[in-house]
Structure formats: structure tokens, C-alpha cells
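Take a look at the letters that make up each chain.
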Amino acid sequence: MNKSVRVRYAPSPTGYPHVGNIRTALFNWLFARHYGGSFIVRIEDTDVTRKVEGAIKAILDGLRWLGLDWDEGPEVGGKYGPYFQSQRLEKYHEVAQRLIAQDNAYYCYCSTQRLEEMRAEQVQRKQPPGYDRRCRNLSQEERAKKEAEDITPVVRFKTPLEGQTRFNDLIRDDVAFENSNIDDFVLLKSDGYPTYHLANIIDDHLMEISHVLRAEEWLSSTPRHLLMYRALGFEPPKFAHLPMILAPGRAKLSKRHGAMSITEYYEQGYLPEAMVNFLALLGWSLDDKTEILTRQELIGNFSLERISRTAALFNQDKLDWMNGVYIRSLTADEFFTAVEPYLMKDELAGKALISSEKYVKDILPLIQERARTLVEVAELAQFFFVEELAYDSTLLIGKNMSRESATRALEVSQQRLGQLEAFDAESLEVVLRPLAVELGLKTGQLFGTLRVAVTGRTAAPPLFQTMAVLGKERCLRRIEAALDRLRGLSS
Ligand code: GLU
């Protein structure tokens, strides 16, 4: 890279940032960090009508949560600021004036009503939509007349009527567009705000952006941008258009597959490191097999060459699996810290946490192995926290067992456990394993009945460890409650 790398993430606060937006941010960040360049955040807030309250905060919170720190932009500033386009309006006006003076742009006085009628006609005649250039060649007189009508005009770009605009995209190679397919697009709107096209290229130029890495949906905007760069004599940045992200089956992304705001992934208990790893593989890969890569490995290996041209598929199961891998890789302390806010939200777990951090710390290793999200932890651990278990009493009677054999199994267990001094997993196993033989049951039958009695579930973490953490008293109380339930069952 001969020119220093300066890349930007340029979100419009017209909605909450979803997976596609954040993947763009991540790729820009990885590219900057790989080359020791700068990662810039620029807020493209020129569409006043579509502004969404809270979107900017969600965007910045999302970046912070994922650890995508920015070198210039909101909150941190920088020498190319301001980084909000709404604070840079005079720059856009200046350039628009220059384009008009050079005869690369013109005032258009067409009313919204006229444009709508024109569009409807185009649709009817099955013509491609686009401005019909009525104001492109107004005479002096005609213009003077329009001005007198007190209409606030828009400014349109004078797109060349013929020829091609070609460029080399760093991902898709040679790309060409016919100029005749590009209409005279708006640069300045009648509300005085620039369009995306105008503001975007001026800022990329003024902020000395070296590479534009953005979603494929912007590919068709690139020839417009290049025509403007050419008209202004600015050197354009290099472009790289990232592949689309689709849901399995190549459908559009839905809530379940990636269309959720990034902040919801936090809410649902995904770890930022897992999220970064997962997002990095949406369109980029190290090779055709490596799935787990740390942040440092991603930075070290990231390259545009390994970005695919074909759409990436958002696989929710893979994200859940990956999150589980990251959860299991946490140390006990890290896991406790990560899960604490989620447990505190759960009233029962929160109470236990406040009253006995030790109890919670004993529980967590049993859950860490099985949870795929931090939200699931509270759910999986729930039976540790409740006083009374809720379950279907018939579950106490396992396969090929009767109410009597289940009752007997629990009575004898109760008696033996009552005599136990040390209530640790090993001691429990020493007592309970031989008991199955003594009772003429399979170990699975005895343990199954006990598991339901002490956890209320047929699937739970390993039985002896679970019982040890629950403690002697709680286990005996639960066995007694289970016996009550069995007595209540009609035979
Ligand atoms: N503001 C545009 C967006 O919302 C930026 C596109 C670009 O990167 O040029 O994605």
C-alpha cells in the first residue's frame, strides 16, 4: 500500500444497524488495522425525513460492544471533522456551485407532481425510471421565468449522454456501466441538504479516504461517483464492493437471520468476540476450513483477495455453535463477569447472586459446557434458584418402572443420602451407583428418577455434580417433595 490506508464506515442513521451494516464496519476496521491505517466513522445524516431517533447511539454502541474502535469520528474528533454530514453543508453547497459554474450540473425546477407523473408514465410504458432532463437545456429566458415563479430548485448532475464508465473493483475486477443508463441525478435537494452521492464523494475526497469498502448494493452508485470525481478533478479512492448477505435458501435476511439490530445480539447473550469471528466469515475466509479465529488472527490475515464475490449465507445455527465455543473458552471468572448482567435480569438468579456469589460460582461451571448464549444460562440454571420445582410428576417414573419402584428408589436414596457426611460428587457416586443394583434397577432408571426429583428435568448437567452444588438439604427436601407427588398419583 503506497498511500496510507484511510477507510471509513459511513452509516446513515435511518435505522438501527443490522448485521450487513456492521459487517461493512468490521471489514473496514480489519483492513485499517491490518495495514496500520486509520478507521474513520462518518455519520451520513443528510436524509432528514428518514432519520430514526436513537439510531446514532445504537450504531456507536454496536461498534463499541464489538471492540471496533475508531480513530476519527463522533466523540473522538479528528482533523478532518466534523464527522456529521449535517454539520458540513456549506462544503456541499460550494462544490455544487462549482459544478454548476463548470456546466457539470444545473438547476432543475420540476415540481414533485411533474416528477411523479413522469415516473407513472415511465412505469406504464415499461421504460426505465429516471429524470427526463427537461431542465437540462433551459434557455436564459426560460430559467429567468422559472426563477420568478419562486420555486426552490434542486441541483442535478449533467451526466454524459454517451460513453461508458469503467473501473476496477478490488473484488469484482473490471466493471462497466453505460452512461446512457444513468440519469441526471440530484446533488442538492430543495431542502438545502445534499444527496448521498454528493456528500459522500466530497467527504471521501476531503477526508482523504484511500479505499471504499462497502456493500454491493452501492455498486451501481459508483459510476455516478466516478463521473463526479472526474468533473471535479479529484482522484477517486479505490473501490471494493462486499458480497451480499442472504438467509439460507438465498432468501432476503429476516429477523431470524441477521436482520436484527446488532444491539439485540447483545440482548440475546452473544459474546462480542464470537460475533466478530462470525461476521468476519460472512464473505471472507482464511481458507476453506478454519472457523475459529481470534481478533488478532483476523487482523493479521485479513485481505481483500480472500473476499468472495458470491453472496454470504447467514447461518444462525453456526452463530449459536460458535458462541458456544467462545463461551466454553472463557475462564470461570470471565464467564461469571460475562453472565452476571444476564443473571441479574432474571429475578430468581439475581437474588441468588446477591445472597451468595459462591453458590452462583459453583453452578456456573456446570452450565458453561452447555449454554450457547448467555441468556440460555439463566434458563438452564433456573432449577438451582427456585424453591419449588414445577414438573410433570409422571416423569419420576422412568421407562419400565412402576410408581412403587420409583417410590422405593427415592425412599432408599433419601435414607442413604441422609446418612452421608460429605456431600460431594464423588461420595454421592460411591453411594448411589451400587444402590441401583441393590434395588434391581438399571443405573439409568435410578438416576433418571433422581434427576427429575432434584432438578425437575429429564436433561440437566451431570447428576452427582448437580446434587453436590444443590447441597444435601435442598436435595433431601426435593426428594421428599417428589415422594409426595408419587403418593398423590393414582396407581
Ligand atoms: N451512507 C451509506 C450507507 O448507509 C454509505 C454507503 C457508502 O459506504 O458509500 O450505507
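It should be noted that the structure appears before, not after, this text.
Residues numbered from 1 in each chain as written. Predicted model: local features only at pLDDT ≥ 70, side-chain atom pairs only at ≥ 80, totals over all residues. Heavy atoms only, no water.

**Focus: the overall build of the chain**
Note the threshold: Helix and strand assignments follow DSSP, with helices taken as H or I runs no shorter than four residues and strands as E runs no shorter than two, numbered in order from the N terminus. As defined in this context, the radius of gyration uses C-alpha atoms, and a globule is described by 2.2 Å times the residue total to the power 0.38. Should any heavy atoms of two residues lie within 4.5 Å, those residues are counted as being in contact. Residue burial considers only the protein chains on display, and all accessible areas are found by Shrake-Rupley using a 1.4 Å probe. We count Lys and Arg on the positive side and Asp and Glu on the negative side, and we leave His and both chain ends out. To locate a charge, take atom NZ for lysine, CZ for arginine, CG for aspartate or CD for glutamate.
Regarding its fold elements, the chain presents 20 helices and 11 strands. Expected size for 491 residues packed as a compact globule is a radius of gyration near 23 Å; at 32 Å, the chain overshoots this value by more than 25%. Projected onto its principal axes, the C-alpha positions of the chain cover 105 × 50 × 40 Å. By sequence separation, contacts in the chain at least 24 residues apart represent 75% of the contacts at least 6 residues apart. Looking at the chain as shown, the accessible area adds up to about 23700 Å², and 50% of this sits on carbon and sulfur atoms. Distance between charge centroids for the chain: 3 Å, based on 63 positive and 68 negative side chains.

**What about the nonpolar core?**
What counts, and what does not: Residues belong to a common nonpolar core when they are buried Ala, Val, Leu, Ile, Met, Phe, Trp, Tyr or Cys residues joined through side-chain atoms within 4.5 Å. Each residue's exposure class comes from its accessible area (1.4 Å probe, protein chains only) as a fraction of the maximum for that residue type: buried when under 20%, exposed when over 50%, partly exposed otherwise.
Core analysis: the biggest nonpolar cluster contains 114 residues, and Leu63, Tyr265 and Phe384 have the highest contact counts within it. No other element matches helix α1 (residues 19–35), which puts nine residues into this core. Not counting chain neighbours up to four residues away, the residues in contact with Phe384 comprise Tyr359, Ile363, Leu366, Ile367, Thr466, Val469, Leu470, Arg474 and Arg478. If you look at the next biggest cluster of nonpolar residues, it comprises 32 residues, including Ile182, Phe185, Ile202 and Leu226.

**Observations concerning the site of the ligand**
Cut-off, in case you're wondering: Whether a residue is near a molecule or strand is decided by its heavy atoms; if any one of them lies within 4 Å of it, the residue is near. We call two N or O atoms a polar contact when they sit within 3.5 Å, provided that within protein one can donate a hydrogen and the other can accept it, with sequence-adjacent residues counted only if both atoms are side-chain atoms.
Inspection of the region around the ligand gives Arg8, Ala10, Ser12, Glu44, Tyr196, Asn200, Arg214 and Trp218 as its neighbouring residues. Interatomic distance of 2.6 Å between a side-chain N/O atom of Glu44 and a nitrogen atom of the ligand. A distance of 2.8 Å separates an oxygen atom of the ligand from a polar atom in the side chain of Arg214. Considered on its own, the ligand offers 290 Å² of accessible surface; in the complex 86% of this is hidden by protein.

**Description of the environment of Thr46**
Along the polypeptide, Thr46 turns up in the loop between β2 (38–41) and α2 (55–65). Separated by 150 residues in the primary sequence, Thr46 and Tyr196 have C-alpha atoms spaced 7.1 Å apart. What Thr46 contacts, discounting residues up to four positions off in sequence, is Gln85, Lys189, Tyr193, Pro194, Thr195, Tyr196 and Ala199.

**Here we look at the pattern of salt bridges**
A side chain with one charge may pair with a side chain of the opposite charge, provided their charged atoms come close. Counted only if it meets this: Salt bridge, as applied in this entry: a Lys or Arg side-chain nitrogen positioned within 4 Å of an Asp or Glu carboxyl oxygen.
Taken as a whole, this structure holds 33 salt bridges when the rule is applied. Linking Asp203 and Arg42 is a salt bridge whose minimum nitrogen-to-oxygen distance equals 3.9 Å. Separated by 161 residues along the polypeptide, Asp203 in helix α6 (residues 196–206) and Arg42 in the loop between β2 and α2 bring together distant segments of the chain. Summarising the burial analysis for this pair, Asp203 and Arg42 share the class buried. Several salt bridges converge on common partners, so that one network encompasses Arg8, Arg42, Glu44, Arg88, Asp203 and Asp204.

**Quick word on helix α7 (residues 222–232)**
The periodicity of an α-helix, 3.6 residues per turn, causes residues three or four places apart in sequence to face the same way. Summarising burial for α7: nine of the 11 residues are buried, a large majority. Inspection of α7 places Thr222, Pro223, His225, Leu226, Leu227, Met228, Tyr229, Ala231 and Leu232 among the buried residues, and these make up the whole buried set.

**Describing the pairing of strand β1 (residues 6–9)**
Selection rule: When DSSP finds two or more bridges between a pair of strands, those strands are recorded as paired. Whether a crossover is right-handed depends on one test, that the path from the first strand over the helix to the second runs clockwise when the strands point away from the viewer.
Residues Arg6 and Arg8 line one face of β1 and the alternating positions Val7 and Tyr9 line the opposite face, and both faces are buried. Inspection of the sheet shows β1 paired to β2 by four bridges, in the parallel sense. Residue pairing across strands places Val7 opposite Phe39, the latter belonging to β2. Chirality of the crossover, the property in question, places the unit of β1, α1 and β2 among those that are right-handed.

**Focus on the packing of helix α14 (residues 357–368) against helix α19 (residues 463–470)**
Where we set the bar: Between the N-to-C directions of two axes lies an angle of 0 to 180 degrees, each axis being a line fitted to C-alpha atoms and, for a helix, fitted only over the stretch in contact. The scheme is simple: roughly parallel for angles under 35 degrees, roughly antiparallel for over 145, roughly perpendicular for 65 to 115, oblique for anything else. Following the grouping adopted for this structure description, the nonpolar residues are Ala, Val, Leu, Ile, Met, Phe, Trp, Tyr, Cys and Pro, the charged ones are Asp, Glu, Lys and Arg, and the polar ones are all others, Gly among them.
Running from N to C, α14 and α19 cross one another at 170 degrees; their axes reach a closest spacing of 10 Å. Between α14 and α19, the crossing angle belongs to the class labelled roughly antiparallel. Taken together, the residues of α19 that come into contact with α14 (itself represented by Tyr359, Asp362, Ile363 and Leu366) are Gln465, Thr466, Val469 and Leu470. Partitioning the contact of α14 with α19 into residue classes produces five nonpolar, two polar and one charged.

**Points about the packing of aromatic side chains**
For clarity, the threshold we go by: Between rings of Phe, Tyr and Trp, where Trp is taken as its six-membered ring, a pair exists when centres lie within 6.5 Å; planes separated by under 30 degrees are stacked, by over 60 edge-to-face, and by other angles tilted. The rule for a charge over a ring is simple: NZ of Lys or CZ of Arg within 6 Å of the ring centre, and within 35 degrees of the ring normal.
What the rule picks out here adds up to 15 aromatic pairs. For the ring pair Phe27 and Phe302, a centre distance of 5.3 Å and an interplane angle of 65 degrees mean the geometry is edge-to-face. Residue Phe27 is located in helix α1, and its partner Phe302 is located in the loop between α10 (295–301) and β11 (312–313); the two are separated by 275 residues in the primary sequence. In this structure, Phe27 and Phe302 share a single accessibility class: buried. Look at Tyr196 and Trp218: their rings are 4.5 Å apart centre to centre, the planes differ by 45 degrees, and that puts the pair in the tilted class. Residue Tyr196 is located in helix α6, and its partner Trp218 is located in the loop between β8 (211–215) and α7; the two are separated by 22 residues in the primary sequence. Residue classification places Tyr196 among the buried residues on the basis of a relative accessible area of 19%. Taken together, the ring pairs in this structure connect Tyr359, Phe383, Phe384 and Phe385 into an aromatic cluster. Note that Lys361 overlies the ring of Phe336, its terminal NZ or CZ placed 4.6 Å from the centroid.

**Concerning the side chain of Gln445**
Residue position: Gln445 is located in helix α18 (residues 443–455). Aside from chain neighbours lying at most four places away, what touches Gln445 is Lys399, Asn400 and Met401.

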